[in-house]
Every structure is written in C-alpha cells, then in structure tokens.
Amino acid sequence: MAVVEMTSVKKITIQNVTTEKEADFHWSSHEKGIILSSFSYGRLFSPIGGILAGKFGGSTIYSLGILVTSLVTFFSPVFLHIHFNVFVITNMILGAFETFSYSSITQIFSRWAPPDERTKFVSFSVVGANLGSGISFVISGWILSYWNWEALFYISGAVSFLWYLIWLFVVKNDPSEDTRMSEKEKNYIKEKVNCNYINEKLKYPWRKILTCWPFWVACLIKFSIGSYQTITFMYIPQYLKDTNNIDIKKIGFISMIPQMCAIISAPVSGLLGDYIRSHKLLSVTTIHKLFISIGTFSSALALMSLVLWSNLTTAIVALSVIQFCGTYTVTSILVLFLDLTPKYASLLNSIANVFFTGSAIFTPILIGFIVTSHSLHQWNICFIALSCECLIFGILYLIFGSAKQRSWANYNPNKNKSIEHSNQEKS
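Since the structure is predicted, the reported quantities are computational estimates derived from the model, not experimental observations. (Residues numbered from 1 in each chain as written. Predicted model: local features only at pLDDT ≥ 70, side-chain atom pairs only at ≥ 80, totals over all residues. Heavy atoms only, no water.)

Put simply, helix H2 (residues 29-42) and helix H6 (residues 84-112) touch, their axes get as near as 5 Å, and they point 35° apart. Pair H2 / H6 crosses with right-handed handedness. When H2 is examined against H6, the residues Glu31, Ile34, Ile35, Ser38, Phe39, Tyr41 and Gly42 are found in contact with a partner set consisting of Phe84, Phe87, Val88, Asn91, Met92, Leu94, Gly95, Ala96, Glu98 and Thr99. Taken together, the residues of the contact of H2 with H6 sort by class into 10 nonpolar, 5 polar and 2 charged. (Axes fitted to C-alpha atoms, helices over the stretch in contact; angles between N-to-C directions. Helix = DSSP H or I, 4+ residues; strand = E, 2+ residues; numbered from the N terminus. Left-handed = near helix turned anticlockwise from the far one by under 90°. Contact = heavy atoms within 4.5 Å. Nonpolar A, V, L, I, M, F, W, Y, C, P; charged D, E, K, R; others polar.)

Spelled out as structure tokens, the structure:
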C-alpha cells in the first residue's frame, strides 16, 4: 500500500482549488517488483533461524527477529531517501530477521504443544497473523489518507518494538523456564511432549532429512502458499486500483475482508483437526491431505474466477475464499513438520520457508514483467499461471504426501533405539 501511494500522483484541494502533486518516486513496474521481492531475498536465510532456534531456544530467536525488524521498519524512510539500493538492501535484512521469527515459532510449538492440541495451537497463532494483517490494511489506509507513507513505517516500527518488549518478558523457551505456571501444568506438558530432550544437543541427520520425500512434497505446498499469499498481501491493492480505480482508503477496508475470513477459518480448522485426530476418525496422513487439498484446490478455482469475472464483487469473494480455505493448508503444513519430525521441526520448517521465499521472490518478478501496462488482460495471465501451480502441487501432495512420524526424529532417544533395533531384527 505504501508503494501505491509513493508512486501515485496526488490531488490536493486547498480553498476549493485542486492541484496535482507529483509522485514522490517514479519507479517502473520492474523496479516495483525488485522492491517487493527484495524483502523475500533475505528470507532465504531461513534455515539459519531454524538452527539457531534449536540451539538457543525458539522464544529467544523470535524476540531477536522482532527487535531487528521493528528497528529496520522504523528507519525505512531514512534508508529510502538515501538511495534506492540502500532501501533494497535493508529490505533484505528485514526479510532475513523476520524469517527468524517464523522459523523459531515451530520450535516453540514443539516444546509447548501436546500432540492432540497441536493443530489448535498453530491455528490460533494463524489467527494472530491474519488479524494483524487485516488491521494493518485498514490502519494503513487511514495513515496514508490523513498523513503520509513515511508515518506508515514509523508507526509500524514503533508498534513492533512494543510487541518485542511484551514478548521478551512474557514468553519463555519451554515450560521449565516459566515461573508463572503451576507444577501440575508443567508436568502435564513435559509428559505429553517428552521434554527430556530439552537439554540435549541437537545433531541433525542431514542425509535422512534430505531423502525424506514427504518433506520435499510439503515444501512444494509451501511454495504454492507463498504464491497466493503474495498476491493477497502485496498485489491486491495494486490490482484493485488498476481494475476498479478505488482510492487507497477504501482499498484498506476491502483488503481486510479476506483477512477476516482467515481469522474465522483458523480456529475452526484447528478445532476440527484436533477433534478428528483425538477421536481417531481419520489417520494423521489423511487429515493433512484433506486440509491441504481444501486450500490448494479452492485457491486454484478462486484465481480462475478472477479471470472469468473481472469485477469488484468477484475479487472480494475470490480473495475471501483463498484466505478462508488457504488457512487450512497453512495450519496443516505447520503441524505436518511437528508430526513428521518433532525433534527437528524447526529446521524443516525453516528449509520449507526457503521454498515459500522462492515463491515470494518469483511471483513479484513474474508480475513485474507481465503487468507492465496494468491492464486486466495482463493480470489474468498471472492468475491463470498461479491457478495451475496450485492445482499441480495439490495433486502431487495427494499422491506422495505423508504425515507418518520418522523413526529418527522423535524426542525419546530410547524409543529411537528400540525402533531401529526392531527394524534390524525384521530385516
């Protein structure tokens, strides 16, 4: 939304006299793509965040990520006025440290969430992500209407820094560090998630990780998630402006509608997933295939509907469907890594985030080269390509996906040895 405002000619009315103010920056479509994708280049460092979270604790690395991103966001207008390339580099730093937070979240879940409550834990955290995005869209529209785009960065950075302080004093790496919890609750969580691993120094079985095919298929789904989330979060303001000529404040309200759908969907998917799992109505693998199919196939249909019916109502409905159903996929993928390899879930999630990042890099570049004249036809080409991507990757996961826990990746060393010994005897 800031990019739209920074590159648009503004109409200013003073004493009933309307004049046009020149845009602050004259970026080409290609340059806009570089800015929007530069954030994602930094996210290629996601595996570093996963490894650090395993070594120092998820909460510690999360707070580090929030601290750096809040400071970089606050000073972004300064970097932008220095030079275009300086802003691109600092945007990469922003992406790198933000992904530290995303990578470490899985580590926190692995130490706090009992298996039968994982989906609920993850889904409610997704509520926070979408609620923050939805509120940001609306508030951004107000800020851009009544102040300027620089204020948008200052306020966002300040709020993020406040959140860093709250997190620092409230959230701990694992239950044993939390002084506000009762011993009964601590023991319950420790028993459920086998917390005897906490002081264990992690040694990563790289060969087994690299040959775990269900993991790599899940990475393709993360790539697909990155594509339609990039469209929803980064390009819908520009799409609505190009095709419906809506002013920036109204775009903020419209953009919040899909986020509200995701906010409703997230707890529903979490409670539904845990209910099916705890009552053993379906196998864990089948649950993941069902939820991922809901997200990928519905997103493919929604994107195609934008091609067939190019009006504001269709755009709102399609984006709402993508966010509502896509939340099932987002939740399922995060839980999947905890099911596949609970001990190394943070690392696997951080590697998968590289695929997410690759999509977030590729999508803006693709749109930047295709949507050069901001015509509806050019936008339709992008939607068709992304729809096919969602469809193909969804089919691949149905065929090759699995959520069966790997024998080398649980938290109980004795159980690992017994499983390996049993497999040797069977061989």
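Here the focus is the packing of aromatic side chains. All told, the structure shown has 14 aromatic pairs when counted by the stated rule. Considering the side-chain rings of Phe161 and Tyr164, the 5.7 Å spacing of their centres and the 40° angle between planes classify their relative orientation as tilted. Here Phe161 pairs with Tyr164, and both are found in helix H8 (residues 149-170), just 3 residues apart, close to one helical turn. Residue classification places Tyr164 among the buried residues on the basis of a relative accessible area of 13%. Chaining the aromatic ring pairs together yields one cluster made of Phe215, Trp216, Phe337 and Phe355. (Phe/Tyr/Trp six-rings, centres within 6.5 Å; stacked < 30°, edge-to-face > 60°. Buried < 20%, exposed > 50% of the residue type's maximum accessible area, 1.4 Å probe, protein only.)

Turning our eyes to something else, we now look at the environment of Pro342. Following the sequence through the fold, Pro342 ends up in the loop between helix H14 (312-340) and helix H15 (345-370). Residue classification places Pro342 among the buried positions, given a relative accessible area of 4%. Taking the C-alpha atoms as reference points, Pro342 and Gln405, 63 residues apart in sequence, are found 8.1 Å from one another.

To continue, consider empty space enclosed by the protein. One pass over the full model with this rule turns up 1 cavity of 30 Å³ or more. Taken together, Thr119, Gly273, Arg277, Ile287, His288, Phe291, Thr331, Ser332 and Val335 make up the full set of residues lining the largest cavity. Contributions of two or more residues to the lining of the largest cavity are made by helix H12 (248-278), helix H13 (284-308) and H14. In terms of residue class, the lining of the largest cavity is built from 3 nonpolar, 5 polar and 1 charged. (1 Å grid on protein atoms, 1.4 Å probe; cavity = no way out; pocket = protein on both sides within 12 Å on 5 of 7 lines; lining within 4 Å. Points joined across faces, edges and corners; volume = space filled by probe spheres on them.)

Our focus in this paragraph is helix H3 (residues 46-56). Among the residues of H3, those classed as buried are Ser46, Gly49, Gly50, Ala53 and Gly54. Seen from one end, H3 has its buried residues packed into an arc of 135°, which puts them on one side. (Arc of directions from axis to C-beta.)

All right, on to the confidence of the model for the protein then. Per-residue confidence for the protein gives a mean pLDDT of 80, with 87% of residues at or over 70. Note on residues 412-427: pLDDT under 50 across the span, and 11 contacts to partners over four residues away in sequence or across chains. (pLDDT = per-residue confidence, 0-100.)

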